[in-house]
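Given next are the chains, with one letter for each unit.
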Amino acid sequence: MSAPSTTPRPVAANSVWPRLEPLLPQVTKPIQYVGGELGAVVKDWDTATVRWALMYPDAYEVGLPNQGVQILYEVLNELPDVLAERTYAVWPDLEKLMRAHGVPQFTVDAHRSVRDFDVFGVSFSTELGYTNLLTAIDLAGIPLLAADRTDADPVVVAGGHAAFNPEPIADFVDAAVLGDGEEAVLEITAIVRDWKAEGCPGGRDELLLRLARTESVYVPRFYDVDYLPDGRIQRVVPNRPDVPFRVHKRTTMDLDAWPYPKKPLVPLAETVHERYAVEIFRGCTRGCRFCQAGMITRPVRERSITTVGQMVQQGLEFSGFHEVGLLSLSSADHSEIGDMCSGLAQQYEGTNVSLSLPSTRVDAFNIDLAQELSRNGRRTGLTFAPEGGSERIRKVINKMVSEEDLIRTVVTAYTNGWRQVKLYFMCGLPTETDEDVLQIARMAHEVIKAGREATGSRDIRCTVSIGGFVPKPHTPFQWAAMERPEVIDGRLKLLKQAINADRSLGRAIGFRYHDGEPSLIEGLLSRGDRRVGAVIRKVWENGGRFDGWSEHFSYQRWVDAAAEALPAFGVDLDWYTTRERDELEVLPWDHLDSGLDKDWLWQDWQDAMSEYEQDDCRWTPCFDCGVCPAMDTEIQIGPTGRKLLPLTPVNGLKLPTGAQQ
Ligand code: SF4
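In every chain, residue numbers begin from 1 and rise along the written sequence. Predicted model: local features are reported for residues with pLDDT of at least 70 only, side-chain atom pairs are reported and counted for 80 or more only, and whole-chain, interface and lining totals are derived from all residues. As a rule here, side-chain values cover all heavy atoms of the structure and leave hydrogens and water aside.

J.: How would you summarise the overall build of the protein chain if you had to cite specific residues and measurements?
T.: Secondary structure is summarised from DSSP: a helix means a run of H or I of at least four residues, a strand means a run of E of at least two, and numbering begins at the N terminus for each. Each helix and strand in the protein chain was counted, giving 22 helices and 19 strands. The C-alpha radius of gyration computed for the protein chain amounts to 25 Å, which stays within 12% of the reference 26 Å derived for 661 residues, consistent with globular compactness. When its C-alpha atoms are laid out on the principal axes, the protein chain stretches across 75 × 65 × 55 Å. Only protein chains enter the area calculation, which uses a 1.4 Å probe; residues under 20% of their type maximum are buried, those over 50% are exposed, and those in between are partly exposed. Residues classed as buried in the protein chain amount to 59% of the 661 residues present. Once local pairs closer than 6 in sequence are excluded, the contacts in the protein chain between residues at least 24 apart make up 78%. Surface summary for the protein chain: the accessible area is close to 25100 Å², and the carbon and sulfur share equals 50%. Only C-alpha atoms enter the radius of gyration; for comparison, a globular chain is expected to reach 2.2 Å times N to the power 0.38, where N is the number of residues. When checking whether two residues touch, look at their non-hydrogen atoms; a contact exists if any pair is within 4.5 Å. Per-residue and other accessible areas follow the Shrake-Rupley method at a 1.4 Å probe size, with only the shown protein chains counted as cover for residues.

In structure tokens:
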């Protein structure tokens, strides 16, 4: 990696740095608040017409590598008259000092106060970041409730996967953007620019109205929610005539036209990923019924092999990273993945660049790809995700993997020199019994037995990793009841005993799991409605921060807040989580259109109950999920027949303009 510059950077005119700097020696990892990374951009404040503060609501080490924020940061800063800076969640030690010394939430680029920006955009990958949103808004000096904000406050916009149901944070955000952000941020920028140029007619209300009229920006204040006496939603309707009944997601159809990041950020402090990541396709049609990302990002859109090659070359040259991740929801499914991997392996053979592919597909092809990518002698870990322990539960979740396939694949990995593989499963799935979960132990034993037999060695291991199932909006499981945490914890205990029942095999099996409590709270937030906002606020007021971190998460704090806030509405924590919904219930996100047909989702839910599998529409006829007609498009897959090599010289690529380093 390139060494950071040691030249002191000039302090921007409206910077809070002089007040922040004396606090930093008193906090952990002060470097995370300093900015100035390679790839960071500081632009002139006064000549910018629209100014964005972008946030990933977690600590710098998790937030900096986030692709979504990096892409939007670059897309916006390429515009000569637009300025975008980044802000991350500050740890509680710095929060305390900032409050004591009156230092507001700041950007790491020029240390400007977030409140001074026109738009405050927050990207949520998980709902457990909601309390960090409240901290940032409050530290910024922006009123917590959107209804209390004035024209002097930025427009707070939520995006990311959690924005597909922003109802639990409807009180705190001014707007939410559904779907891909690249074009959406440009459209929002144009609206803000015009409105400001006209002298801000009609104030904040008019600006929000203009955003709502795009039909892809949801402005909660323009919609009323009516409830039935039993607590269910009766309807969600616009409260003014000029906003749409339904808000539609944005879809960037041509990924080759958006080859970002071109100038990836190179962190100064340690982060969870330090690599150049290139998204090789977006969307997934495998149809795993629990997977919100797979459902809401349809249709499949592949990036061409030539663009991927050019992005990798340019990204590495710019950043000095030694690792490349070829990302997507199921990377081995790219129609030209074989050529892509062999081309990149050939290009970087003999260099210190390592290539990795998140490997969840359970077949020998995946091992071939991993072999190809490890030509440089560096083996990345192999992860396979059967997700369910029994054949029966895998039919329920539509994960078409047979036990035979799994064992054959893992054994191929062992015989090709891998000593360790990771197997990922979920617990708490709809219709799950103890027996389904205990099958995981049997499967892991079989994997070790077959691996020892094939390699003649006892030096092989597998790690069984278990995540808790959380039903998500816009999936066939959006109607499902969650299992209670104590049931999940009981099953995990039984599983651990079963794995260790045979000491010889058990010794070769690692076991990692999360207990059931955080999943239940994630379930409350993911399928919550506006009434859940009162719970989030109480948790935050009672000290809730960094709820995605087990050492900060307090289940009791959430249970107590729910018990305090929800009875006034005639509902409770169980009502939101362990209750199955029926077909006719109005769901809090029904007015937000992910492109999926609700009738199709319901039918797929019924198919799940009947243990009936659905094919991948990439290779079989369309099964009418609704996305392609809704977007007036179709899935975009190769093969293009093009080759990755030879790569065009980097100086032939167009670099961003208008950004000052
Ligand atoms: S509309 Fe048809 S082809 Fe398009 S994603 Fe859905 S099932 Fe696949």
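J.: I'd like a description of the sheet that holds strand β10 (residues 276–279), backed by residues and values.
T.: One bridge is not enough; two strands pair if DSSP finds at least two bridges between them. Taken in spatial order, the three strands of this open sheet run β10-β13-β14, and their pairing is parallel. Either end of the sheet is taken by a strand with one partner, and the two such strands are β10 and β14 (354–356). Adjacent strand axes in the sheet meet at a mean angle of 20 degrees when their direction is disregarded. Angles run from 0 to 180 degrees between N-to-C directions of axes, and those axes are lines fitted to C-alpha atoms, restricted for helices to the stretch in contact.

J.: Summarise helix α18 (residues 532–541); cite the residues concerned and give the values.
T.: Every buried residue of α18 is accounted for by Val 532, Gly 533, Val 535, Ile 536, Val 539 and Trp 540. One side of α18 carries all its buried residues, which in axial view fall inside an arc of 160 degrees. Buried residues in α18 make contact with α4 (92–101), α5 (130–140), α17 (516–526), α19 (555–565) and α20 (573–577). Immediately downstream of α18, the backbone of Gly 543 shows phi near 105 degrees, a positive value. The arc in question is the one traced by the directions running from the helix axis out to the C-beta atoms.

J.: Run through the sheet that holds strand β6 (residues 217–218), naming residues and quoting values.
T.: One open sheet holds the six strands; their spatial order is β2-β1-β3-β4-β5-β6, and the pairing between them is mixed. Two strands close off the open sheet at either side, each with one partner strand: β2 (82–88) and β6. Packed onto the sheet, α5 meets β1 (50–56), β3 (119–123) and β4 (155–159) and runs at close to 160 degrees relative to β3.

J.: Provide a residue-level description of the nonpolar core, including the pertinent values.
T.: Remark: nonpolar core denotes a set of buried residues (Ala, Val, Leu, Ile, Met, Phe, Trp, Tyr, Cys) joined through side-chain atoms within 4.5 Å. If you look at the biggest cluster of nonpolar residues, it comprises 143 residues, and the most contacted ones within it are Trp 52, Leu 94, Phe 120 and Leu 133. Tallying contributions element by element places α5 first for this core, with seven residues. Residues within four places of Phe 120 in sequence aside, it is in contact with Ala 53, Met 55, Thr 87, Val 114, Ala 136, Ile 137, Ile 142, Pro 154, Val 155, Val 156 and Val 157. Listed in part, the 36 residues of the second largest apolar core include Val 421, Leu 423, Ile 440 and Leu 495.

J.: Requested: an account of the pattern of salt bridges, with residues and values cited.
T.: The term salt bridge refers to a pairing of a side-chain nitrogen on Lys or Arg with a carboxyl oxygen on Asp or Glu at a separation within 4 Å. As enumerated under the stated definition, the model contains 52 salt bridges in all. The salt bridge involving Glu 611 is made with Arg 392; its shortest N-O contact spans 3.0 Å. Of this pair, Glu 611 sits in the loop between α21 (598–609) and α22 (627–631) while Arg 392 sits in helix α12 (residues 391–397), and the two are 219 residues apart along the sequence. When its relative accessible area of 32% is taken as the criterion, Glu 611 is described as partly exposed. Judged by its relative accessible area of 27%, Arg 392 falls in the partly exposed class. Through salt bridges with shared partners, a single ionic network connects Asp 180, Glu 182, Glu 279, Arg 282 and Arg 301.

J.: Kindly report on a negative patch on the surface, identifying the contributing residues and their values.
T.: A cluster of acidic side chains, namely Glu 580, Asp 582, Glu 583, Asp 597, Asp 599 and Asp 624, defines a negative patch on the protein surface. Looking at the secondary structure, you find Glu 583 in the loop between α20 and β19 (592–593). A patch is a set of surface residues, each over 30% in relative accessible area and not in a salt bridge, joined within 9 Å for like charges and within 5 Å for the nonpolar side chains Val, Leu, Ile, Met, Phe, Trp and Tyr. A positive count includes Lys and Arg, and a negative count includes Asp and Glu. His and the chain ends are not counted in either. Charge coordinates come from a single atom per side chain, which is NZ of Lys, CZ of Arg, CG of Asp or CD of Glu.

J.: Residue-level account of the packing of aromatic side chains, with values.
T.: Pairing of aromatic side chains here covers Phe, Tyr and the six-membered ring of Trp, requires ring centres within 6.5 Å, and sorts the geometry by plane angle: under 30 degrees stacked, over 60 edge-to-face, intermediate tilted. Counted under the stated rule, the structure contains 15 aromatic pairs. Both rings, one in Trp 45 and one in Phe 117, keep their centres 5.0 Å apart while their planes meet at 90 degrees; by these two values the pair is edge-to-face. Here Trp 45, found in the loop between α1 (17–20) and β1, pairs with Phe 117, found in the loop between α4 and β3; they are 72 residues apart in sequence, far enough to count as distant. Residues Trp 45 and Phe 117 agree in their burial class; the two are buried. Between Phe 477 and Trp 605 the ring centres are 5.7 Å apart and the planes differ by 80 degrees, which places this aromatic pair in the edge-to-face class. Placement of Phe 477 in the loop between β17 (461–468) and α15 (485–500) and of Trp 605 in helix α21 is noted, with a sequence separation of 128 residues between them. Residue Trp 605 is classed as buried on the basis of its relative accessible area of 3%. Taken together, the aromatic side chains of Trp 91, Phe 546 and Trp 549 make up a single cluster linked through ring pairs. Cation placement over rings: the criterion is NZ of Lys or CZ of Arg within 6 Å of the ring centroid and within 35° of the ring normal. Looking at Arg 240, its charged tip hangs above the ring of Phe 222, at a distance of 4.8 Å from the centre.

J.: Now, about α19: what can you tell me, with residues and values included?
T.: Because the α-helix completes a turn every 3.6 residues, residues three or four places apart line up on one side. Among all positions in α19, only Tyr 555, Trp 558, Ala 561, Ala 562 and Ala 565 are buried. Taken down its axis, α19 places every buried residue within 135 degrees of arc, on the same side. Residues of α19 that are exposed and point over 90 degrees away from its buried face: Ala 563 and Glu 564. As for α19, its buried residues are in contact with α5, α15, α17, α18 and α20.

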